[in-house]
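What follows is the residue order along each chain.
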Amino acid sequence: MSKGLLIVLSGPSGVGKGTVCTALRSQVPDLVYSVSATTRSPRAGEVDGVNYFFKTREQFLEMIEHDQLLEYAEYVGNYYGTPRDFVEKTLAEGKDIILEIEVQGALKVKEKFPDGIFVFLMPPSLDELKDRIKGRGTESQDTIDHRMSVAVDEINLLQHYDYAVVNDKIELACERIQSIITAEHCKIRK
Ligand code: 5GP
């Protein structure tokens, strides 16, 4: 049995990674989603164990200490990390898994999984990105400004990725990512 593909989807806050991932998962039921751990508070409607594993700072530090995270990063004042066992088990079962994570974490995953497929979701423009973060209505002005400056830094790391996908329309972005997955399954690995 061949190993599954590890797909990393990054992109600035507000670009629509979550929405694209949800749409992808409904269109590609075999694609497994990695649920991250975070110290951020749940937003309205977010469910523990579905959107994130919500942890206290102490619990998160304990996960780091016990080497339970494949990668982790501090992002706008909170910790986010990928539980290691679940990813390794899913790949060993020959299933594809998608990690929706920010850039620092993605670069750490790349060191451990150089064969991973690294996809960067781009906003159609920076103005559009700001409107989307504001439109979410969940962030304070300070957080919006902070997320926008981090977004510019993140876009500057585009060259570390294999693919850039513009999220102009969710259906189109999903189609592009599905095409990438299909192509990667057909690829001859040397
Ligand atoms: P949010 O607070 O908007 O849910 O997520 C903030 C950022 O953290 C997003 O860019 C999201 O992709 C990223 N993120 C979510 N989970 C992880 C993770 O496990 N590791 C890393 N490095 N980033 C994550």
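If you look the protein chain up in an unreviewed UniProt entry, it shows as Guanylate kinase from Paenibacillus campinasensis. Under the UniProt heading Subcellular location (unreviewed entry), the note attached to the protein chain is "Cytoplasm". Under the heading Catalytic activity (unreviewed entry), UniProt records this for the protein chain: "GMP + ATP = GDP + ADP".

S.K.: Is there a simple way to think about the UniProt feature "binding site: ATP" (unreviewed entry) in the protein chain in this case?
M.R.: Mapped onto this numbering, the UniProt entry annotates "binding site: ATP" (unreviewed entry) at Gly-11, Pro-12, Ser-13, Gly-14, Val-15, Gly-16, Lys-17 and Gly-18. Residue placement: Gly-14 occurs in the loop between strand S1 (6-10) and helix H1 (17-27). Overall, the relative accessible area of 14% leaves Gly-14 in the buried class. Ignoring any residue separated from it by four or fewer positions in sequence, one finds Gly-14 in contact with Leu-129, Arg-132, Ile-133 and Arg-136. For Gly-18, the location among the structural elements is in helix H1. Gly-18 sits in the partly exposed class, given a relative accessible area of 32%.

S.K.: Where do I start with helix H3 (residues 84-92) in this structure?
M.R.: In an α-helix there are 3.6 residues to a turn, and that puts residues three or four apart on one side. Among the residues of H3, those classed as buried are Arg-84, Val-87, Thr-90 and Leu-91. Looking straight down H3, one finds its buried side chains confined to an arc of 145°; they lie on one side. Opposite its buried face, H3 presents the exposed residues Asp-85 and Ala-92, each directed more than 90 degrees away. Buried residues in H3 make contact with S1, strand S2 (32-33), strand S5 (69-75), strand S6 (78-83), strand S7 (97-100) and helix H4 (103-112). Of the residues flanking the end of H3, it is Gly-94, one or two places downstream, whose phi is positive at about 85°.

S.K.: Looking at this structure, I do not really get the site of the ligand. What am I missing?
M.R.: Around the ligand, the structure places 16 residues, and the nearest of them are Ser-36, Arg-40, Tyr-52, Tyr-80 and Glu-102. Contacts to the ligand include Ser-36, whose side-chain N or O atom sits 2.6 Å from an oxygen atom. A distance of 3.0 Å separates an oxygen atom of the ligand from a polar atom in the side chain of Arg-147. Contact with the protein chains removes 96% of the 510 Å² of surface that the ligand exposes when unbound. Of all the secondary-structure elements, those providing two or more residues to the shell around the ligand are S5 and S6.

S.K.: Teacher, can you tell me more about unusual backbone geometry here?
M.R.: It is generally the case that most residues other than glycine have a negative phi and that most peptide bonds are trans. The phi dihedral of Asp-67 falls on the positive side, at around 55°, and the residue is not glycine. Looking at the secondary structure, you find Asp-67 in the loop between helix H2 (57-65) and S5. The backbone of Val-76 sits at a positive phi, close to 45°, despite the residue not being glycine. Note that Val-76 resides in the loop between S5 and S6.

S.K.: Even after reading the chapter, I still don't get the sheet that holds S2, so can you show me in this structure?
M.R.: Pairing in this open sheet of 5 strands is parallel, and the strands run S2-S7-S1-S8-S9 from one edge to the other. Looking at which strands have only one partner, the edges of the open sheet turn out to be S2 and strand S9 (163-166). Two strands pair when backbone bridges link them, and S1 and strand S8 (residues 117-122) are joined in this way by 4 bridges, in the parallel orientation. Paired with Ser-10 across the two strands is Phe-120, which belongs to S8.

S.K.: Explanation requested: the environment of Gly-11 in the structure shown.
M.R.: Summarising the element assignment, Gly-11 is placed in the loop between S1 and H1. Along the primary structure Gly-11 and Asp-168 are separated by 157 residues, whereas in three dimensions their C-alpha atoms are 13 Å apart. Beyond its immediate chain neighbours, meaning those up to four positions away, Gly-11 contacts Lys-17, Ile-101, Phe-120, Leu-121 and Glu-154.

Basis of the calculations
Residues numbered from 1 in each chain as written. Predicted model: local features only at pLDDT ≥ 70, side-chain atom pairs only at ≥ 80, totals over all residues. Heavy atoms only, no water. UniProt positions renumbered as here; feature names shortened; annotations may be inferred. Helix = DSSP H or I, 4+ residues; strand = E, 2+ residues; numbered from the N terminus. Buried < 20%, exposed > 50% of the residue type's maximum accessible area, 1.4 Å probe, protein only. Contact = heavy atoms within 4.5 Å. Arc of directions from axis to C-beta. Near = heavy atom within 4 Å. Polar contact = N/O pair within 3.5 Å; in protein donor to acceptor, adjacent residues only side chain to side chain. Areas by Shrake-Rupley, 256 points an atom, 1.4 Å probe, with all protein chains shown as cover. Pairing = 2+ DSSP bridges.

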